[in-house]
Amino acid sequence: METDSEAARAGEYGRGFSVVADEVRSLAARSAEAAGRTAALIQASNERTLRGMELTGSTADALEKIVVGAVEVSSLVAEIATAAQEQAEAIEQVSIGLEQIDEVTQRNSGGAEECSEAASKMTAQAGNLAGLMSRFQV
């Protein structure tokens with residue numbers, strides 16, 4: 001309390017000076033405390049900014065992978081569409097071939113019936129011929 005004794009020696013003006021000095025010391029302490037808090041806030045803000053930058057980089061990497069994957073999927077879908085088109089054309093050709101086989105089978109079936117009728121007639125005529133030939137002696 002050296003300032004109090006100095007203030008007492010200085011009289012009225014000394015006491016005023018002492019009050020001002022105390023207020024300046026108090027203000028300096030509060031300013032130092034506020035500066036410390038401000039520095040801590042700035043440090044925390046810097047750390048959050050760095051973390052945000054890291055997250056942004058990670059997000060950019062992930063989005064790039066997603067884009068690459070989407071391009072690959074798009075390419076695969078195009079290949080599948082092409083293969084499906086080729087299969088549809090092949091199925092159409094097979095269908096046309098089956099229709100042609102059906103037509104040939106129906107014609108053959110008709111021909112087979114005609115042959116069967118002709119064979120029956122030939123059998124009957126062969127029987128008649130055998131009967132006629134049996135009259136002759138060889």
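Whatever comes next refers back to the structure up there.
The rules behind the values
- Residues numbered from 1 in each chain as written.
- Predicted model: local features only at pLDDT ≥ 70, side-chain atom pairs only at ≥ 80, totals over all residues.
- Heavy atoms only, no water.
- Helix = DSSP H or I, 4+ residues; strand = E, 2+ residues; numbered from the N terminus.
- Buried < 20%, exposed > 50% of the residue type's maximum accessible area, 1.4 Å probe, protein only.
- Areas by Shrake-Rupley, 256 points an atom, 1.4 Å probe, with all protein chains shown as cover.
- Patch = residues over 30% accessible without salt bridge, like charges linked within 9 Å, V, L, I, M, F, W, Y side chains within 5 Å.
- Salt bridge = Lys/Arg side-chain N within 4 Å of Asp/Glu carboxyl O.

Draft legend 1. View of the overall build of the protein. Each helix and strand in the protein was counted, giving two helices and zero strands. The burial tally for the protein puts 3% of its 138 residues in the buried class. Of the roughly 11900 Å² of accessible surface on the protein, 62% is carried by carbon and sulfur atoms.

Draft legend 2. Quick look at a nonpolar patch on the surface. On the surface, V94, L98 and I101 cluster together to form a nonpolar patch covering roughly 300 Å² of accessible area. Residue placement: L98 occurs in helix α2 (residues 12–133).

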